[in-house]
Amino acid sequence: MSDIDRFWTAPIAERAAAFAALREREPVPFFPEPEQSYFPRGAGFWALTRLDDLAEASRNAAIFTSGRGATNIPDMPPEFLEFYGSMINMDDPRHARLRRIVSRGFTPKRLALLTEEVERTARTIVDDVIDAGECDAVRSISARLPLKIVCDMMGVPESQYEFVLDRSNIILGAADPEYVPGTDNIVMALLQAGNELAELMRDLGRHRVDNPTDDVTSALVNAEIDGERLTPDELASFFILLVVAGNETTRNAISWGLHLLTEYPEQRAAWLADLDAVTPTAVEEIVRWASPVIFMRRTLATDAVLGGQQMREGDKVALFYWAANRDPAHFRDPDVFDVRRSPNPHVGFGGAGPHFCLGAHLARREMSVMFRELLTRVPDIHATAPPQRLKSMFINGIKHLPVAFTTPRSAGGAGINTGGAR
């Protein structure tokens, strides 16, 4: 295992300590690119770990650009950038054009209509596991809610849910041998998974042109702004972004949240004591603590100074959201999980600027509803083993998390200890 692999699979406390040391360094540190076999290795990158530096880079998108790649430190072939990244690998004016069009599918009215479906889906998820008393929370709970909501939004039939989940796991977890065995297969696995998701959406888009419904795909293929529409390839690329990004934050935040409620039983008690008041701050704290997207990359369009460091045109910069969300200059006791933390200026959905997460509102709603359902019906749900973490520098993911809880049949018993070793 390489040093970089060891770092990203090390205990969370070790990662936090390493980033804490980086935040203290002046000026901004520079690192060589991680060595891997599937994309060319570049000169290196500046690592932004302080919230103020990251916020400045996020706001100044004309200087800290995304068009040369946002999700990988190494440069990817141009066809990969658009295929897998859609808007997140674009700069204005093209980014603004595409975001204006796809925003037609995410109007407040449309999102409001999703509320009932999110609640109904969360109830069904708990219905399906409640009598068993145990399950893999990732597979049976965390992944199911965002997967169904995203697929329903786009009009993808239920028969394709597992197909979409499997392909999105490959795209996000390509470096993890559970999803892609052998490093020689990574590029081919990415291409195949992306092509299959794209073809699914191209077929659906063609059908919706002549047979529109009330789903987002119909809205997007028929949306026209200033005489422009999405091309079939743009629709397919956006779908890949949506099913990957739309699943990832909610799935991993819910999974980390269940782990945290096990590790911090006093926080569970505080949340249960006032579910209505604490849920909004608890959801924000889970996103801050988990930081499901670890970093995004930017490339300098011109020379600039950031964090006291002179940077040059063409330099790469990594915005480590995970580290910025533990910056003691902005968060008191940043390594502590506090469901009532306020204020909480986290960047778990990206920094301010044009690339702030389009689905942040929906993700917050999904998490709020799912935790309310769980804490109301199985309040003692707790992890029975440590999380099996995704091998990734990009996603702070959990692949498996066994949980247990008191079933209705045994509710009169002694209950289950919800505490855990920290």
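All of the points below concern the structure found in this document.

How each quantity is defined
Here, residues in each chain are numbered from 1, in the same order as that chain's written sequence. It should be noted that, the model being predicted, local features are given only for residues of pLDDT at least 70 and side-chain atom pairs only at 80 or more, the latter also being counted only at that level, while totals for whole chains, interfaces and linings use all residues. Derived side-chain values reflect all non-hydrogen atoms in the structure, with water molecules and hydrogen atoms excluded from consideration. With a 1 Å grid spanning the protein atoms alone, the term cavity applies to any set of points in which a 1.4 Å probe fits but cannot get out, the term pocket to an open set with protein on both sides within 12 Å along at least five of seven lines, and the term lining residue to any residue with an atom within 4 Å of a point. Grid points are joined across faces, edges and corners, and a volume is the space filled by probe spheres set on the points. Each residue gets one of three labels, nonpolar for Ala, Val, Leu, Ile, Met, Phe, Trp, Tyr, Cys and Pro, charged for Asp, Glu, Lys and Arg, and polar for the others, Gly among them. Only strands joined by at least two bridges in the DSSP assignment are considered to pair. A run of H or I in DSSP counts as a helix once it spans at least four residues, and a run of E counts as a strand once it spans at least two, with each numbered from the N terminus. We call two residues in contact whenever any of their non-hydrogen atoms come within 4.5 Å of each other. To define axes, lines are fitted to C-alpha atoms, for helices over the stretch in contact only, and angles between the resulting N-to-C directions are given on a 0 to 180 degree scale. In a helix, the anticipated span is given by 1.5 Å times the number of residues less one. For each residue, the accessible area found with a 1.4 Å probe, counting protein chains only, is set against the maximum for its type, and the residue is called buried under 20%, exposed over 50%, and partly exposed in between. In the sections that follow, a salt bridge refers to a side-chain nitrogen of Lys or Arg positioned within 4 Å of a carboxyl oxygen of Asp or Glu. Each angle receives one of four descriptions, namely roughly parallel if under 35 degrees, roughly antiparallel if over 145, roughly perpendicular if within 65 to 115, and oblique otherwise. A clockwise turn of the near helix away from the far one marks a right-handed crossing, whereas an anticlockwise turn of less than a right angle marks a left-handed crossing.

## As for empty space enclosed by the protein
Working step 1: Per the stated rule, a full pass over the model turns up one cavity of 30 Å³ or more.
Working step 2: In this structure, the largest cavity encloses a volume near 100 Å³.
Working step 3: Lining the largest cavity are Asn169, Leu172, Gly173, Tyr179, Arg251, Asn252, Leu390, Ile395, Gly397, Ile398 and Lys399.
Working step 4: In the lining of the largest cavity, the residues fall into five nonpolar, four polar and two charged.

## So, the sheet that holds strand E1 (residues 30-31)
Working step 1: The strand order across the open sheet built from five strands is E1-E2-E8-E5-E3, with neighbouring strands paired in mixed fashion. The outermost strands of the open sheet, each flanked by one partner alone, are E1 and strand E3 (64-65).
Working step 2: Bridge count between E3 and strand E5 (residues 295-300): two bridges; the pairing is antiparallel. Paired with Thr65 across the bridge in E5 is Thr299.
Working step 3: In this fold helix H3 (residues 51-59) packs onto strand E2 (45-48), E3 and strand E8 (316-320), with an angle of close to 120 degrees to the strand it touches most, E8.

## Details of helix H9 (residues 161-172)
Working step 1: Taking 1.5 Å as the rise per residue, H9 with 12 residues should run 16 Å; its terminal C-alpha atoms sit 16 Å apart, in good agreement.
Working step 2: Burial analysis of H9 places nine of its 12 residues in the buried class, which makes it a mostly covered element.
Working step 3: For H9, every residue scored as buried is listed here: Tyr161, Val164, Leu165, Arg167, Ser168, Asn169, Ile170, Ile171 and Leu172.

## Some thoughts on the pattern of salt bridges
Two side chains bearing opposite charge may form a pair once their charged atoms approach each other closely.
Working step 1: Under the defined criterion, the tally for this structure stands at 31 salt bridges.
Working step 2: Among the charged side chains, a network of salt bridges with common partners joins Glu116, Glu117, Arg120, Lys148 and Asp152.

## Let's talk about the packing of helix H8 (residues 144-154) against H9
Working step 1: Running from N to C, H8 and H9 cross one another at 110 degrees; their axes reach a closest spacing of 10 Å. Relative to H9, H8 is oriented roughly perpendicular. Judged by the twist between their axes, the crossing of H8 over H9 is right-handed. Residues Leu147, Lys148, Cys151 and Asp152 of H8 touch H9, and the partners they reach there are Tyr161, Val164 and Leu165.
Working step 2: By residue class, the composition of the contact of H8 with H9 is five nonpolar, no polar and two charged.

## Brief notes about unusual backbone geometry
Working step 1: In the segment running from Glu26 into Pro27, the intervening peptide bond is cis, with an omega of -10 degrees.
Working step 2: Its place among the elements puts Pro27 in the loop between helix H2 (12-23) and E1.
Working step 3: Of note, the bond from Ser342 into Pro343 is cis; its omega dihedral lies within 30 degrees of zero at 5 degrees.
Working step 4: Structurally, the position occupied by Pro343 is in the loop between helix H15 (321-324) and helix H16 (360-377).
Working step 5: Even without being a glycine, Ser291 presents a positive backbone phi close to 40 degrees.
Working step 6: For Ser291, the location among the structural elements is in the loop between helix H14 (275-290) and E5.
Working step 7: The buried category is assigned to Ser291, whose relative accessible area is 1%.
Working step 8: Even without being a glycine, Asp333 presents a positive backbone phi close to 45 degrees.

## Topic: the sheet that holds strand E9 (residues 382-383)
Working step 1: One open sheet holds the three strands; their spatial order is E4-E12-E9, and the pairing between them is antiparallel. Whereas interior strands pair on both sides, the edge strands pair on one side only; in this sheet they are strand E4 (134-136) and E9.
Working step 2: When E4 meets strand E12 (residues 402-404), the two strands line up antiparallel, connected through three bridges. Each residue of the ladder has a partner; that of Cys135, found in E12, is Val403.

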